[in-house]
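# Results of the structural survey
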Amino acid sequence: GPPMKAMTSSQRIAASGQAHALETVKQMVQTKEPCLMKAWFRFFDRDRNGKTDFTEFKAGMEELRFKGDIRDVWEQLDQDCISELPFQTFEKQSATIWNKFRRFCGATFQSPKDMIRQIKYASGEKSKQGIFRDDALTAEEFV
């Protein structure tokens, strides 16, 4: 957005509302999952499309047992009224790294299964432990 000095007072109020809502959600999420990227996928982006809509957001907030007005928090976060929030809104630094990793994978591997195969081969890993534990993403979930 524009620098704070260039904003109107209503834009500053809206921006501070968004920042407060975002901080509230992050603090709440981190009581259940310290890693914000994992929390994003666990609570808000279950279809892993890189964004959340109100339905996904509401389900995540309910799972987190949020006691306030979920619609109000959503409206504070979705100030552009586009009815979805990208991961970048939630955690800009992690989103940047995640997107670079996705581009790297797309340029390096022939398919998700090829990536898993190459990582397993490179690590000498023959069992489903370590990064391939049961709760990790499977090759099919990358598709």
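Conventions and cut-offs
Residues numbered from 1 in each chain as written. Predicted model: local features only at pLDDT ≥ 70, side-chain atom pairs only at ≥ 80, totals over all residues. Heavy atoms only, no water. Helix = DSSP H or I, 4+ residues; strand = E, 2+ residues; numbered from the N terminus. Buried < 20%, exposed > 50% of the residue type's maximum accessible area, 1.4 Å probe, protein only. Contact = heavy atoms within 4.5 Å. Areas by Shrake-Rupley, 256 points an atom, 1.4 Å probe, with all protein chains shown as cover. Salt bridge = Lys/Arg side-chain N within 4 Å of Asp/Glu carboxyl O. Phe/Tyr/Trp six-rings, centres within 6.5 Å; stacked < 30°, edge-to-face > 60°. Lys NZ or Arg CZ within 6 Å of the ring centre and 35° of its normal. Lys, Arg positive; Asp, Glu negative; His and termini not counted. pLDDT = per-residue confidence, 0-100. Axes fitted to C-alpha atoms, helices over the stretch in contact; angles between N-to-C directions. Parallel < 35°, antiparallel > 145°, perpendicular 65-115°, else oblique. Left-handed = near helix turned anticlockwise from the far one by under 90°. Nonpolar A, V, L, I, M, F, W, Y, C, P; charged D, E, K, R; others polar.

## Here we look at the overall build of the protein chain
Regarding its fold elements, the protein chain presents 8 helices and 2 strands. When the elements of the protein chain are put in sequence order from the N terminus, they spell out α-α-β-α-α-β-α-α-α-α. Expressed as a percentage of the 143 residues in the protein chain, the buried residues total 31%. Looking at the protein chain alone, contacts between residues at least 24 apart form 46% of all its contacts between residues at least 6 apart. Carbon and sulfur atoms form 53% of the exposed surface of the protein chain, whose accessible area is close to 9,800 Å².

## Description of the pattern of salt bridges
Here the structure, examined in full by the defined rule, presents 5 salt bridges. Between lysine 51 and glutamate 84 there is a salt bridge, with its nearest N and O atoms 3.8 Å apart. Within this pair, whereas lysine 51 is found in strand β1 (residues 51–53), its partner glutamate 84 is found in strand β2 (residues 84–86), the two being separated by 33 residues in sequence. Classification of glutamate 84 by relative accessible area gives partly exposed; the value is 30%.

## With respect to the packing of aromatic side chains
Summed over all chains, the structure comprises 12 aromatic pairs. The interplanar angle of 35° and the centroid separation of 5.4 Å between the aromatic rings of tryptophan 40 and phenylalanine 87 together place this pair among those described as tilted. With tryptophan 40 in helix α2 (residues 36–44) and phenylalanine 87 in helix α5 (residues 87–90), the pair connects residues that are 47 residues apart, well separated along the chain. Exposure remark for phenylalanine 87: the relative accessible area of 3% places this residue in the buried category. Each ring, one from tryptophan 98 and one from phenylalanine 101, has its centre 5.9 Å from the other, and the planes form 35°; the classification is tilted. Here tryptophan 98 pairs with phenylalanine 101, and both are found in helix α6 (residues 92–108), just 3 residues apart, close to one helical turn. A cation over an aromatic ring shows up here: arginine 71 above the ring of phenylalanine 54, its NZ or CZ 3.8 Å from the ring centre.

## Observations concerning the side chain of glutamate 56
Note that glutamate 56 resides in helix α3 (residues 54–63). The side chain of glutamate 56 sits in the buried core without any salt bridge; arginine 46 is the nearest counter-charge, 7.1 Å away.

## As for the confidence of the model for the protein chain
Per-residue confidence for the protein chain averages 78 on the pLDDT scale, and 76% of its residues sit at or above 70. In the model, residues 7–14 has pLDDT below 50 throughout and makes 8 contacts with residues more than four positions away in sequence or in other chains.

## Regarding the packing of α3 against helix α4 (residues 70–77)
Two numbers describe how α3 lies on α4: the axes approach to 10 Å, and their chain directions differ by 130°. Relative to α4, the element α3 is oriented oblique. Judged by the sense of rotation from one axis to the other, the crossing of α3 with α4 is right-handed. Of the residues in α4, those touching α3 at Phe54, Phe57, Lys58, Met61 and Glu62 are Ile70, Arg71, Val73, Trp74 and Leu77. The class makeup of the residues in the contact of α3 with α4 is 7 nonpolar, no polar and 3 charged.

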